[in-house]
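Residue-level structural notes
The residues making up each chain are set out below.
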Amino acid sequence: QVQLVESGGGLVQAGGSLRLSCAASGRTFSSYAMAWFRQAPGKEREFVADIRWSGGITHYADSVKGRFTISRDNAKNTVYLQMNSLKPEDTAVYYCASRSPYYTGYIEPLGYDYWGQGTQVTVSS
C-alpha cells in the first residue's frame, strides 16, 4: 500500500520561509516523478512543482518560480518543497502526489495516482 505523508506546514508571516516534506512508502519511490499541488478555499487544486525520478528535471508554476524549490532524496524516500518569500496568496493546503507512469504531462491532478493527506500553509500579511 502506497502512503504519502506531508509535514512542515504552519503559520508564517509574509516574506518568511517554510520547508515541506513528503515521506513515501509502499512503492519504488525512486522510479516515479513526484509533485506538489495546492488548494485554497473555494479554488481548484493547482500544480505547484514537480520533479523527475532522477531529480534532474523540474517544473514550476509561474506563480512560485524563483521562490520555491522542489528536491528529492531517493535514499530517504522523501520529496521536499522549500518555500521562500512567502505571500498571503500562497495560503492553501499543500499536497504531495506520485505521478502515474501512464501520464506524460505534469500539470493535471488526474495524472497522479497517489496523494498525501495535505498540510496547511497559512501566510499572514
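Look above for the structure.
**Quick look at the overall build of the protein chain**
Broken down by element type, the protein chain carries zero helices and 11 strands. When its helices and strands are written in sequence order, the protein chain yields β-β-β-β-β-β-β-β-β-β-β. Rg of the C-alpha trace for the protein chain: 13 Å, near the compact-globule value of 14 Å for 125 residues, within the 12% margin. When its C-alpha atoms are laid out on the principal axes, the protein chain stretches across 40 × 25 × 25 Å.

**Here we look at the sheet that holds strand β1 (residues 3–7)**
Sheet architecture is open: four strands sit in the order β1-β3-β8-β7, paired in antiparallel fashion. The sheet is open, and its two borders are formed by β1 and β7 (68–73), each paired with just one other strand. Strand-to-strand twist across the sheet, computed as the mean angle between neighbouring axes with direction ignored, equals 15°. Of the pairings in the sheet, the one linking β1 to strand β3 (residues 18–25) comprises five bridges and is antiparallel in character. Each residue of the ladder has a partner; that of Glu6, found in β3, is Cys22.

**Points about the state of the cysteines**
Within the structure shown, the criterion is met by one disulfide. Residue Cys22 pairs covalently with Cys96 via a disulfide, S to S 1.9 Å. Here the S-S torsion is close to 50°, and the disulfide linking Cys22 with Cys96 is therefore right-handed. Of this pair, Cys22 sits in strand β3 while Cys96 sits in strand β9 (residues 92–99); the two residues are 74 residues apart in sequence, bridging distant segments of the chain.

**Brief notes about the pairing of strand β11 (residues 119–124)**
Burial of the side chains of β11 is restricted to one face: Thr119, Val121 and Val123 are buried, whereas none of Gln120, Thr122 and Ser124 on the reverse face is. Taken together, the four bridges between strand β2 (residues 10–13) and β11 define a ladder with parallel strand orientation. Within β11, the residue paired with Val12 across the bridge is Val123. The pairing of β9 with β11 spans three bridges and is antiparallel.

**Remarks on the pattern of salt bridges**
A complete count under the given rule lists five salt bridges for this structure. The partner of Lys65 in a salt bridge is Asp62, with the nearest N and O atoms 3.1 Å apart. Each of the two residues, Lys65 as well as Asp62, counts as exposed. Between Arg67 and Asp90 there is a salt bridge, with its nearest N and O atoms 2.8 Å apart.

**What to know about the side chain of Thr78**
With respect to the helices and strands, the residue Thr78 is situated in strand β8 (residues 78–83). Exposure remark for Thr78: the relative accessible area of 9% places this residue in the buried category. Here Lys76 takes part through its backbone oxygen, which lies 2.9 Å from a polar atom of the side chain of Thr78. Ignoring anything within four residues of it in the chain, the contact list for Thr78 reads Ser21, Cys22, Ala23, Phe29, Arg72 and Asp73.

What counts and how
Residues numbered from 1 in each chain as written. Predicted model: local features only at pLDDT ≥ 70, side-chain atom pairs only at ≥ 80, totals over all residues. Heavy atoms only, no water. Helix = DSSP H or I, 4+ residues; strand = E, 2+ residues; numbered from the N terminus. Rg over C-alpha atoms; globule rule 2.2 N^0.38 Å. Pairing = 2+ DSSP bridges. Axes fitted to C-alpha atoms, helices over the stretch in contact; angles between N-to-C directions. Disulfide = S-S within 2.5 Å. Buried < 20%, exposed > 50% of the residue type's maximum accessible area, 1.4 Å probe, protein only. Salt bridge = Lys/Arg side-chain N within 4 Å of Asp/Glu carboxyl O. Polar contact = N/O pair within 3.5 Å; in protein donor to acceptor, adjacent residues only side chain to side chain. Contact = heavy atoms within 4.5 Å.

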